[in-house]
There are 2 protein chains.
Amino acid sequence: MLVGELGEEALLEKMRRLFSSGLAAFPANVIIGIGDDAAVTAPVAGSEVWTTDLLLEGIHFQTEWQTPRELGHKSLAVSLSDVAAMGAAPRYALLSVACSALTTVDYILELCQGIASLAAAHRLIVIGGDTTASGGPLVVGLALSGVIPDGGTAVFRSGARPGDRIFVTGHLGNAAAGLLLLMRQAAGDFPELREAFVRPEPRVEAGMRVRQHGGAAMTDLSDGLAADLRHICRESGTGARIFQARLPISDALLRASRRFDFDVTSLALEGGEDYELLFTVRPENSNRIATAVAATGVRVTEIGEILPEERGLLLSGDYGERLFKERGYDHFLAG
Amino acid sequence: MLVGELGEEALLEKMRRLFSSGLAAFPANVIIGIGDDAAVTAPVAGSEVWTTDLLLEGIHFQTEWQTPRELGHKSLAVSLSDVAAMGAAPRYALLSVACSALTTVDYILELCQGIASLAAAHRLIVIGGDTTASGGPLVVGLALSGVIPDGGTAVFRSGARPGDRIFVTGHLGNAAAGLLLLMRQAAGDFPELREAFVRPEPRVEAGMRVRQHGGAAMTDLSDGLAADLRHICRESGTGARIFQARLPISDALLRASRRFDFDVTSLALEGGEDYELLFTVRPENSNRIATAVAATGVRVTEIGEILPEERGLLLSGDYGERLFKERGYDHFLAG
C-alpha cells in the first residue's frame, strides 16, 4: 500500500504503535507520547543536551544505497553521535518524515523500525512524530535531547589546552570510502566500508566514558578529521599536531585503496561521516581514559597532541611536517 | 550573495550571531547554544512538552506568497501553537533549514529574523540550528520544548467529559480563505485573511490561561474545526454538538465570501491552519476561563457542548442537526 492511499493520520497511527513499545519500557518518564498536540515527559534532574539533523534524499543519501531500515538507523545515528560528543546520555527523540505519496507504507515503517532498534539500544525514547507529503524527495528530520547527570558538565569543543593528547575512536576514512564504492557500484566487495557509511554506530557509551574520566574537549567526526579538529582548535584557541603514522586505517580501507587507487591519507583526514569521536585529554588522564573507552568495545587510538595556537594544524609524516588543507566537506560548496 | 557562495559553515555562523541576542537575554538558562556538537541548557523544574514540525516549499507554502520574514514567523508559529495547546510555556527551539545553493543569504537571514522576533515575543530561545543543501525546495524544520510549571499537568485532548462547554479563540476559516485568495492572486484586498494564513499568531498566553483556570481538554486548530474536534472526541470517548450560529466568523471572511462565493460554514468547519485554540471546560468553570482568556486580548467564543460518545459529532443549525463530514485536510490524500 502507498502512503497516499493510507493517508497522513493513519500513517501516524501506525508509527505511534510502532514506537509505543519504546515508551512502555520507561513508563515513569513519558506522560504522553505521539497522539496529542505535543509529547509530555516527567521532570528530570541534570543539564540537558539538544541537537537536530535533517537528512535529504539526493543530498545525504540515495534510496538505492541502503535498506529503509539502514536509512532509519543512520538518520538517528547522526544525531546520537552529537549527543555522544557532549558525553550525554540520550533521552528523547522527535521524528519528522516527509515523503512522496507514492512511497510505500512498508518503506516508512521499515525506516521507523531502524530508528526504533537503534533507539532501544541506547535507551532513547521516540516521543513525537510528524509526517507530511513532500514534493518528491524523502526527508528525515530528528531532534534529540540528552541529559548530563546532575552536577556534571558536558564536554565542549572549547576545552582543549596545549599538551593535551588527541584520541579518536574506531577507524578513519571507512565511511568516505564506502560512499565512493557505492557511487561506483562496487560496495559489495567491501561490506565493512559500505556499513561504515550506511550504518554507522554512534559512540554513545564511549562518549559518556570520556566525560566521566575527565575528557577535556570532544566532537564527533562528521566533516572529516581535519575539519573537525579545526573546530576544536578554533573554539579552544589552540593548534594541534597529528602523526600520520598513527591514523587508524582499517585493513578493508587499505585493500580497497589498492584496488581503486584511493588516497588513504586524504580519506582519513578529509573523508566525512565516520561518526567516530575525536577528543583531547590532559596527559595525566590519558591512560585512564583510553582504558575506559576501550572497555566499551571500541577501538581508541592516540593520534597527536594539542599545540599553542600559533603553531597551526600540523600533519607530521615521513617527510616532515605540513599544514592541513583548509576545509572538509561542505554541502553547499560541493554543489 | 548566494548560500552556495557563502558555504554551510559561514551561514551557520551568521545564524549563530543572529540568534545569540535571544540567548543573551537568558544567560542562566543556556550553557552553550549554536556552535558545539549540541546545545546544553541548565536543569529546569517541571514536566516538559515536545513538538516538531516540518514545512516544505510547494506543500505548505509557496515562496511568492509571503516575505521570508513572514515565512519564518509562520514556521515557528505552527510549533508554538502545539506548545500552547498543552498549556505550556515555550522554552527552547532547534531550527533546521535546507535550501538550494541558489537561495540568497539574505533570504535565509530574513527567515531567521522572523523566527527570532516571534521567539522573543514568547520568551523562546533558539539554541540550535542545522543548515544543509536541498535538491531544490526550501525545507524548514523546528523542534520545540516547553515546560509545565512544577506540580502542574498539561491539558490533553483526552480530558473532555459530557456536559463540558466547547470554546474557540479568534475567528474560524480566515486562514483557509486567505489561502484560497493567495491561490487566486486576490489576497491584496483582504489583508486580514492573507495575514491569518501567512502570519498566524500562536495563542501561547491564552493556552497557559486555559491550563491555569481548569481547562479540561485542548487542541489547536491545524486541520480544521471538524477534524480537530474529532480528535478531542476520539481521545476523550465523547461526542459533541456545535451550534452553527455561534461560529465566530470575521467580517472580512463574510465580505470575501460574498465576492468569491465561498461557503463560509465549510471554511469555518473544514478550513485548516487557523492555529486558534479549541478547548473544553466543565460548566462551572466556563465563565472564569472565558474571562481569563479574553484578558490576554484574544477573542473567545463558546460554540457548543460535549455529548456522550453515542451521539456522534453534531452540527446544530437553522434546519435541525446533522452529523459532521468525516475528515479535514490530509496532505497525502490531497495529492
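Residues numbered from 1 in each chain as written. Chains lettered and ligands numbered in written order. Predicted model: local features only at pLDDT ≥ 70, side-chain atom pairs only at ≥ 80, totals over all residues. Heavy atoms only, no water.

**Overview of the packing of aromatic side chains**
A ring pair, where both rings are aromatic, is described by two values, the distance of the centres and the angle of the planes.
Right, so step 1: Per the counting criterion, the structure on display carries 11 aromatic pairs over all chains.
Right, so step 2: Relative to Trp50(B), the ring of Trp50(A) has its centre 5.5 Å away and its plane inclined at 35 degrees; by these criteria the two rings are tilted. Separated into two different chains, Trp50(A) in strand β3 (residues 47–56) and Trp50(B) in strand β3 (residues 47–56) make up a pair that spans both.
Right, so step 3: Judged by relative accessible area, Trp50(B) falls into the buried class, the value being 4%.
Right, so step 4: Put simply, the rings of Trp50(A), Tyr92(A), Trp50(B) and Tyr92(B) pair up and form one aromatic cluster.
Right, so step 5: Over the ring of Phe197(A) we find Lys74(A), and its NZ or CZ is 3.7 Å from the ring centre. (Phe/Tyr/Trp six-rings, centres within 6.5 Å; stacked < 30°, edge-to-face > 60°. Helix = DSSP H or I, 4+ residues; strand = E, 2+ residues; numbered from the N terminus. Buried < 20%, exposed > 50% of the residue type's maximum accessible area, 1.4 Å probe, protein only. Lys NZ or Arg CZ within 6 Å of the ring centre and 35° of its normal.)

**Here's the deal with the relation of the copies chain A and chain B**
Right, so step 1: You can overlay chain A on chain B at an RMSD of 0.0 Å; the transform is a turn of 180 degrees with a shift of 0.0 Å along its axis. Put plainly, the chains are arranged around a two-fold axis. Considering only C-alpha atoms, the part of chain A nearest the rotation axis is Ala143(A), at 3.2 Å.
Right, so step 2: With an isologous cut-off of 70% or more, the 100% of interface residues of chain A that recur at the interface of chain B puts this contact in the isologous class. (Least-squares fit on C-alpha atoms with pLDDT ≥ 70 in both. Contact = heavy atoms within 4.5 Å.)

**Focus: the domain arrangement of chain A**
Residues and elements named next belong to chain A.
Right, so step 1: Parsing chain A into structural domains produces domain 1 (3–148) and domain 2 (157–323).
Right, so step 2: Here domain 1 and domain 2 have C-alpha centroids that lie 27 Å from each other.
Right, so step 3: Each partner contributes residues to the interface: domain 1 has 21 residues there, and domain 2 has 21 residues.
Right, so step 4: With both chains or domains summed, domain 1 and domain 2 bury close to 1,800 Å², and 61% of this area falls on carbon and sulfur atoms.
Right, so step 5: On the surface where domain 1 and domain 2 come into contact, there are two salt bridges.
Right, so step 6: Glu-273 is paired through a salt bridge with Lys-74; the nearest N and O atoms lie 3.0 Å apart.
Right, so step 7: There are seven residue pairs in polar contact (both at pLDDT 80 or more) connecting domain 1 and domain 2. (Domains from an automatic or database assignment. Buried area = accessible area lost by both parts, 1.4 Å probe. Salt bridge = Lys/Arg side-chain N within 4 Å of Asp/Glu carboxyl O. Polar contact = N/O pair within 3.5 Å; in protein donor to acceptor, adjacent residues only side chain to side chain.)

**With respect to the sheet that holds strand β2 (residues 39–41) of chain A**
Right, so step 1: Strand order in the open sheet made by the six strands is β1(A)-β2(A)-β3(B)-β6(B)-β4(B)-β5(B), with mixed pairing throughout. This sheet does not close on itself; its edge strands, each paired only once, are β1 (30–32) of chain A together with β5 (125–133) of chain B. Put simply, the sheet's adjacent strands are angled 20 degrees from each other on average, direction ignored.
Right, so step 2: Summarising the sheet, strand β4 (residues 89–99) of chain B and strand β6 (residues 139–148) of chain B pair through nine bridges and their orientation is antiparallel. If you follow Tyr92(B) over to β6(B), its bridge partner there is Ser145(B). (Pairing = 2+ DSSP bridges. Axes fitted to C-alpha atoms, helices over the stretch in contact; angles between N-to-C directions.)

**A closer look at the packing of helix α2 (residues 8–24) of chain A against helix α4 (residues 105–121) of chain A**
All names here are of chain A.
Right, so step 1: Across the interface, α2 lies against α4 with an axial gap of 10 Å and an inter-helix angle of 30 degrees. Judged on the interaxial angle alone, α4 and α2 are roughly parallel. The two elements α2 and α4 cross, and the hand of that crossing is right-handed. Residues Leu-11, Lys-14, Met-15, Leu-18 and Phe-19 of α2 form the contact with α4, whose participating residues are Val-105, Ile-108, Leu-109, Cys-112, Gln-113, Ile-115 and Ala-116.
Right, so step 2: Class assignment for the residues of the contact of α2 with α4 results in 10 nonpolar, one polar and one charged. (Parallel < 35°, antiparallel > 145°, perpendicular 65-115°, else oblique. Left-handed = near helix turned anticlockwise from the far one by under 90°. Nonpolar A, V, L, I, M, F, W, Y, C, P; charged D, E, K, R; others polar.)

**Let's talk about the pattern of salt bridges**
Residue and element names in this part refer to chain A.
Right, so step 1: Applying the stated criterion to the full structure yields 39 salt bridges over all chains.
Right, so step 2: Across the pair Glu-48 and Arg-91 runs a salt bridge, and its minimum N-O distance is 2.4 Å. Linking Glu-48 in strand β3 with Arg-91 in strand β4 (residues 89–99), this pair joins segments that are 43 residues apart in sequence. Neither Glu-48 nor Arg-91 differs from the other in exposure class; each is buried.

**Brief notes about unusual backbone geometry**
Residue and element names in this part refer to chain B.
Right, so step 1: Notably, Arg-123 is not glycine yet its phi reads approximately 55 degrees, a positive angle.
Right, so step 2: Tracing the backbone through its elements, the reader meets Arg-123 in the loop between α4 (105–121) and β5.
Right, so step 3: You can call Arg-123 exposed: its relative accessible area is 59%.
Right, so step 4: Here Asp-261, not a glycine, exhibits a phi torsion of approximately 60 degrees, which is positive.
Right, so step 5: Along the chain, Asp-261 falls in the loop between α9 (251–260) and α10 (264–270).
Right, so step 6: Since its relative accessible area comes to 70%, Asp-261 is described here as exposed.

**As for helix α3 (residues 68–84) of chain B**
Right, so step 1: Taking 1.5 Å of rise per residue, 17 residues should cover 24 Å, and α3(B) covers 24 Å from first to last C-alpha, within 8% of that figure.
Right, so step 2: Of all 17 residues making up α3(B), 16 are buried, and the element is well covered by its neighbours. (Expected span 1.5 Å × (residues − 1).)

**Comments concerning the interface of chain A and chain B**
Right, so step 1: Listed per partner, the contact involves 70 residues of chain A and 70 residues of chain B.
Right, so step 2: Summing both partners gives a buried area of about 5,400 Å² for chain A against chain B, and 58% of it is carried by carbon and sulfur.
Right, so step 3: Summed over the shared surface of chain A and chain B, the number is 10 salt bridges.
Right, so step 4: Measuring nitrogen to oxygen at the nearest pair gives 3.2 Å for the salt bridge that ties Asp37(A) to Arg157(B).
Right, so step 5: At the boundary of chain A and chain B, one finds 28 residue pairs in polar contact (both at pLDDT 80 or more).
Right, so step 6: Ranked by residue count, the leading element in the side of chain A that touches chain B is β3(A), at nine residues.
Right, so step 7: Looking at the side of chain A that touches chain B, its residues break down into 34 nonpolar, 19 polar and 17 charged.
Right, so step 8: Looking at chain direction, β3(A) and strand β2 (residues 39–41) of chain B are connected through three bridges and run antiparallel. Bridge pairing in β2(B) places Val49(A) opposite Val40(B).

**Comments concerning the sheet that holds strand β7 (residues 165–169) of chain A**
All names here are of chain A.
Right, so step 1: Taken in spatial order, the seven strands line up as β8-β10-β7-β11-β9-β12-β13 in an open sheet, and their pairing is mixed. The open sheet terminates on both sides in strands that have one partner only, identified here as β8 (217–220) and β13 (320–323). Across the sheet, the mean angle from the axis of one strand to that of its neighbour is 25 degrees, orientation sign disregarded.
Right, so step 2: Bridging between strand β9 (residues 238–243) and strand β12 (residues 313–317) involves four bridges; their strand directions are parallel. Across the sheet, the residue bridging to Arg-241 is Leu-314, located in β12.

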